[in-house]
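Chain and residue survey
Spelled out from the first residue to the last, the chains are:
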Amino acid sequence: MNPQAKLIFITSLVLGTTITISSNHWIMAWTGLEINTLAILPMISKSHHPRAIEAATKYFLVQATASALVLFSSMTNAWCTGQWDITQLTHPTSCLILTMAISMKLGLVPFHFWFPEVLQGSSLITGLLLSTAMKFPPITLLFMTSPSLNPALLTSMAILSTALGGWMGLNQTQIRKIMAFSSISHLGWMTIIIVYNPKLTMLNFYLYVLMTTTVFLTFNSMKVLKLPTLMTAWTKAPSLNAILLLTLLSLAGLPPLTGFLPKWLIIQELTKQDMASTATIISLLSLLGLFFYLRLAYCATITLPPHTTNHMKQWHTNKPISTSIAILTTMSLMLLPISPMIPTII
C-alpha cells in the first residue's frame, strides 16, 4: 500500500476514535464511528485477494447496519425525551436498540458471526487493529450509557459470548480465527461487569489490548497463520516461541500472570453483587478458552513436527526480538503485582 495512503487511513482511524470517545452528542459519536469504518475498509481489502474483498464487504455491511441502529436509537431517545446527550439515554426501547447496535459493532453473541470471517480475510496487523483499536469507540459508548442498560440482557449475552467464544475456538486450525473467538470470549468478561463496575470493564479492555497486541505482533514476526506452520516455526526464533507460551497462558487468565488480574477482580465484584452463581458459570466457561490457548502454546513450544511434514523448516535467524515485542511481553506477564493499586484507581 502507498505510504501516503496508509498515513491518511491511520490518521482517519485516530481521528474517528478521538471524535467518538470525546463527544457528548450522539451525532458526533456516530460520525466518529463512520470515519473509523471507512478508514479500515481499504486496509482490510489491500491484498486484493477474493477472501479479503469478501471480508471487507461483510465488515462494511455489518458496521453500516450497526451505525444505522445507533442513529435510530439516539433519534428515538431524542424524540421521546428531547435529549441528544449520550449519558441521558433513558428511553427503554432506545436502550435495547443501542445494546443491539454496540453488540454488532463489538462482535458480541448473537451478533458475532461476521468477526471470525473478517479476521480470517485480513492480514495479521489489520486483524490486530480490528481486535483492539476498532473495539475502543463502541466499548466507550457502552461505558457512557452503562447506567441505562438492562443488566439481565447484558449478563445473558456475556455468558453466551464466553461460552460460544470458547466452544467455537476448540476446533480451529487457523490462528486468526482462534484469536477472533478469543476476542469474543474476552468481550463476554467485559460485558458482564459493565453495569456494576464500568471502570473494571475498561481495565479489562486495556489489559486485553496489551496481551492481544503482544500475541499478534509475535505471530506477525514469525510469519505464522495456521497451526501446522506454528509447529515448524520454533527453529526460526526459539526465544520468541518460549515467550509466546507464557503470553498465551496470560491471555488465558492463569495466575500469576497479568491476564489473571481482570478475571480475579471481575469474579470478586460479581460476588459482591450477590452473583456468585454467574461468576462460577463464567469462570467454568473460560476453561474452554484455556484449552485452545494451551493447544496453541503446545504447538508453539512442545511439539516436534513428524519427519514426513510437508512444511519447509524455517532456519534460525539472528534477527533480534523487536523492542516493542519485548516491552509488551514483559507487561503481559508481570503486571499482577500492581493489583493492590487497582482499588484506588477504580
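From a predicted model like this one, the values you see are computed outputs, not experimental measurements. (Residues numbered from 1 in each chain as written. Predicted model: local features only at pLDDT ≥ 70, side-chain atom pairs only at ≥ 80, totals over all residues. Heavy atoms only, no water.)

What follows is about the overall build of the protein chain. Assigned secondary structure in the protein chain consists of 16 helices and zero strands. Its C-alpha atoms give the protein chain a radius of gyration of 20 Å, near enough to 20 Å, the size a compact globule of 346 residues would have. Classification of the 346 residues of the protein chain by burial places 53% in the buried group. Restricting the contact set of the protein chain to residue pairs at least 6 apart, pairs at least 24 apart contribute 78%. By element, 71% of the accessible surface of the protein chain is carried by carbon and sulfur atoms, the whole surface being about 15,100 Å². (Helix = DSSP H or I, 4+ residues; strand = E, 2+ residues; numbered from the N terminus. Rg over C-alpha atoms; globule rule 2.2 N^0.38 Å. Buried < 20%, exposed > 50% of the residue type's maximum accessible area, 1.4 Å probe, protein only. Contact = heavy atoms within 4.5 Å. Areas by Shrake-Rupley, 256 points an atom, 1.4 Å probe, with all protein chains shown as cover.)

Per the domain assignment, the segments making up the protein chain are domain 1 (1-140) and domain 2 (150-345). Between domain 1 and domain 2, the C-alpha centre-to-centre distance is 23 Å. Listed by partner, the interface residues are 27 residues for domain 1 and 33 residues for domain 2. In this assembly, domain 1 packs against domain 2 so that about 2,500 Å² is buried in total across both faces, 78% of it on carbon and sulfur atoms. Counting across the interface, domain 1 meets domain 2 through one salt bridge. Across the pair Glu 117 and Lys 177 runs a salt bridge whose closest N-O atoms are separated by 3.4 Å. (Domains from an automatic or database assignment. Buried area = accessible area lost by both parts, 1.4 Å probe. Salt bridge = Lys/Arg side-chain N within 4 Å of Asp/Glu carboxyl O.)

So, about the side chain of Ser 183. Considering the arrangement of structural elements, one finds Ser 183 in helix H9 (residues 175-193). Of note is the side chain of Ser 183, whose polar atom sits 2.9 Å from the side chain of Tyr 208. When residues no more than four places from it in sequence are discounted, the contact partners of Ser 183 are Phe 115, Ser 131, Lys 135 and Tyr 208. (Polar contact = N/O pair within 3.5 Å; in protein donor to acceptor, adjacent residues only side chain to side chain.)

This part is about the packing of aromatic side chains. Considering all chains together, one arrives at seven aromatic pairs under this definition. With a centroid separation of 5.8 Å and 5° between ring planes, the pair formed by Phe 136 and Phe 205 is classed as stacked. Of the two residues, Phe 136 sits in helix H7 (residues 136-145) while Phe 205 sits in helix H10 (residues 198-222), which places them 69 residues apart along the sequence. Looking at Phe 136, the relative accessible area reads 21%, which means it is partly exposed. Site record: aromatic cluster; members linked through ring pairs are Tyr 59, Trp 114 and Phe 115. One residue, Lys 135, lies across the ring of Phe 115, its end atom 3.8 Å from the ring centre. Note that Lys 263 overlies the ring of Trp 189, its terminal NZ or CZ placed 5.1 Å from the centroid. (Phe/Tyr/Trp six-rings, centres within 6.5 Å; stacked < 30°, edge-to-face > 60°. Lys NZ or Arg CZ within 6 Å of the ring centre and 35° of its normal.)

The subject of this paragraph is the side chain of Ser 73. With respect to the helices and strands, Ser 73 occurs in helix H3 (residues 50-81). A residue is classified by how much of its surface remains accessible, and Ser 73, at 0% relative accessible area, is buried. Those residues in contact with Ser 73 that lie beyond four places of it in its chain are Leu 89, Ser 94, Ile 97 and Leu 98.

With that settled, consider the packing of helix H2 (residues 26-44) against H3. In the contact formed by H2 and H3, the axes pass within 10 Å of each other and the chain directions differ by 180°. It follows that H2 is roughly antiparallel to H3 by the angle criterion. Where H2 abuts H3, its residues Trp 26, Ile 27, Trp 30, Leu 33, Glu 34, Thr 37, Ile 40, Leu 41 and Ile 44 lie against Ala 52, Ala 55, Ala 56, Tyr 59, Phe 60, Gln 63, Ser 67, Val 70, Leu 71 and Ser 74. Here the residues of the contact of H2 with H3 sort into 14 nonpolar, four polar and one charged. (Axes fitted to C-alpha atoms, helices over the stretch in contact; angles between N-to-C directions. Parallel < 35°, antiparallel > 145°, perpendicular 65-115°, else oblique. Nonpolar A, V, L, I, M, F, W, Y, C, P; charged D, E, K, R; others polar.)

On to the UniProt feature "transmembrane region" (unreviewed entry) in the protein chain. Per the UniProt record, "transmembrane region" (unreviewed entry) is annotated on residues 56-76, 96-115, 152-171, 178-196, 202-219, 240-261, 281-304 and 325-345. Annotation note: span residues 96-115, helix share 65%, strand share 0%, distance between end C-alpha atoms 22 Å. Taken end to end, residues 152-171 is 90% helix and 0% strand, and its two terminal C-alpha atoms sit 30 Å from one another. (UniProt positions renumbered as here; feature names shortened; annotations may be inferred.)

This part takes up the environment of Thr 57. Note that Thr 57 resides in helix H3. With 12 residues separating them along the chain, Thr 57 and Ser 45 place their C-alpha atoms 8.8 Å apart.

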